[in-house]
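Observations on the three-dimensional arrangement
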Amino acid sequence: MRERKRYMWLPFLILSLAITPTRSNTLFIYKSCHTTLYPELCYLYLSRFATRIGTSPRLLAQTALAATLSTTRTTSKQLITYTKTHKMTRREMSAMKDCLEEIGDSAYELHISMVEMGKVRSGSDFLFNMNSIETWVSAALTDDDTCTDGFSDKRMNTEVKIMVRKHVLNIAHLASIALAFVNNYAKG
């Protein structure tokens, strides 16, 4: 319950960031998104925050982290709901439990990354702090990948595998986008 309260403010933060964008801000996001592996997904998630982001690589990275964390939490809820509304084998339930644990770890690492991005300032510790953030986001991406590994058994229900893969790949792609923007900001 305490973990849930910690993130309750996140949807409100994301919604408060969405204001009418200007052309230069939207173009900045468009061009930045086209440097990632998933430009369409990137633009879909981040263009609505163009006014808040402006042309700031720092705010772009922070917003990408926030969008990824929010989507990760939503995905976790969707998977929990799925387990309550669909009959699953013991093996599938075990894989889902492991997957939800990995997604929880991913959310924690993304949260730590966001907090640290808010504290990072230029100076002697900048590269060290950015390296730490890059490590946490990379770990979140690894957790997402590990989640889907549990559903590789051929004997599992195809519907379950497809559903989990669809949701988890989305958050993994968003984590990849966030990592690209964190890396870009770290390079200056």
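This next bit is on the overall build of the protein chain. Per the secondary structure count, the protein chain includes nine helices and zero strands. Going from the N terminus to the C terminus, the protein chain shows its helices and strands as α-α-α-α-α-α-α-α-α. Looking at the protein chain residue by residue over its 188 residues, the buried ones come to 48%. If you take every contact in the protein chain between residues at least 6 apart in sequence, the share linking residues at least 24 apart comes to 78%. For the protein chain, the computed accessible surface area is about 10500 Å², with 56% contributed by carbon and sulfur atoms.

Right, let's talk about the pattern of salt bridges for a bit. Following the criterion strictly, the structure yields three salt bridges and no others. Among the salt bridges present, the one from Arg91 reaches Asp153, with a minimum N-O distance of 3.0 Å. A residue pair is termed long-range when its members are at least 10 positions apart, and Arg91 in helix H7 (residues 90-119) and Asp153 in the loop between helix H8 (126-149) and helix H9 (158-187) qualify at 62 residues. Residue classification places Asp153 among the buried positions, given a relative accessible area of 18%. Connected through salt bridges with shared partners, the residues Arg91, Asp153 and Arg155 form a single ionic network.

Attention now goes to the state of the cysteines. With the rule as written, the count across this model stands at two disulfides. Each disulfide pairs two cysteine sulfurs, and for Cys33 the partner residue is Cys42, the sulfurs being separated by 2.1 Å. Handedness of the Cys33-Cys42 disulfide follows from its S-S torsion of about -65 degrees: it is left-handed. Cys42 sits in the buried class, given a relative accessible area of 1%. In this model, Cys99 is linked to Cys147 through a disulfide, with the two sulfur atoms separated by 1.7 Å. Across the S-S bond of Cys99 and Cys147 the torsion is about -50 degrees, and the bridge reads as left-handed. Of the two residues, Cys99 is situated in helix H7 and Cys147 in helix H8; the sequence distance between them amounts to 48 residues. For Cys99, a relative accessible area of 0% puts it in the buried group.

Reading fine detail from the predicted coordinates is not recommended where pLDDT is low. Predicted confidence across the protein chain gives a mean pLDDT of 90, with 88% of residues reaching 70 or more. Scored below 50 in pLDDT, residues 15-20 makes nine contacts in the model with residues more than four places away or belonging to other chains.

This part covers the packing of aromatic side chains. For the structure shown, the criterion picks out two aromatic pairs. On the numbers, 5.8 Å between centres and 85 degrees between planes, the contact of Tyr30 with Tyr43 is edge-to-face. In this pair, Tyr30 is assigned in helix H3 (residues 23-33) and Tyr43 in helix H4 (residues 39-46), connecting sequence segments 13 residues apart. Under the relative-accessibility criterion, Tyr30 is labelled partly exposed at 41%.

The end-to-end C-alpha separation of H9 is 42 Å, in line with the 44 Å expected for 30 residues at 1.5 Å each. One side-chain oxygen at the N-terminal end of H9 lies 2.6 Å from the backbone nitrogen of Glu159; it belongs to Asn157. Two residues or fewer past H9, Gly188 is found with a positive phi of approximately 80 degrees.

Quick look at the nonpolar core now. In this structure, Ile29, Leu46, Leu65, Met130 and Phe181 are the most contacted members of the largest nonpolar core, which totals 36 residues. Residue assignment for this core shows that the elements contributing at least two residues are H3, H4, helix H5 (50-53), helix H6 (57-85), H7, H8 and H9. The next biggest cluster of nonpolar side chains, apart from the first, holds 16 residues, and it includes Met88, Met96, Val160 and Val164.

Inspection of the secondary structure puts Cys42 in helix H4. Sequence separation between Cys42 and Ile29 is 13 residues, and the spatial gap between their C-alpha atoms is 8.6 Å. Setting aside residues no more than four positions away along its own chain, Cys42 makes contact with Cys33, Thr36, Ser47, Ile177 and Phe181.

Parameters and conventions
Residues numbered from 1 in each chain as written. Predicted model: local features only at pLDDT ≥ 70, side-chain atom pairs only at ≥ 80, totals over all residues. Heavy atoms only, no water. Helix = DSSP H or I, 4+ residues; strand = E, 2+ residues; numbered from the N terminus. Buried < 20%, exposed > 50% of the residue type's maximum accessible area, 1.4 Å probe, protein only. Contact = heavy atoms within 4.5 Å. Areas by Shrake-Rupley, 256 points an atom, 1.4 Å probe, with all protein chains shown as cover. Salt bridge = Lys/Arg side-chain N within 4 Å of Asp/Glu carboxyl O. Disulfide = S-S within 2.5 Å. pLDDT = per-residue confidence, 0-100. Phe/Tyr/Trp six-rings, centres within 6.5 Å; stacked < 30°, edge-to-face > 60°. Expected span 1.5 Å × (residues − 1). Polar contact = N/O pair within 3.5 Å; in protein donor to acceptor, adjacent residues only side chain to side chain. Core = buried A, V, L, I, M, F, W, Y, C linked by side-chain atoms within 4.5 Å.

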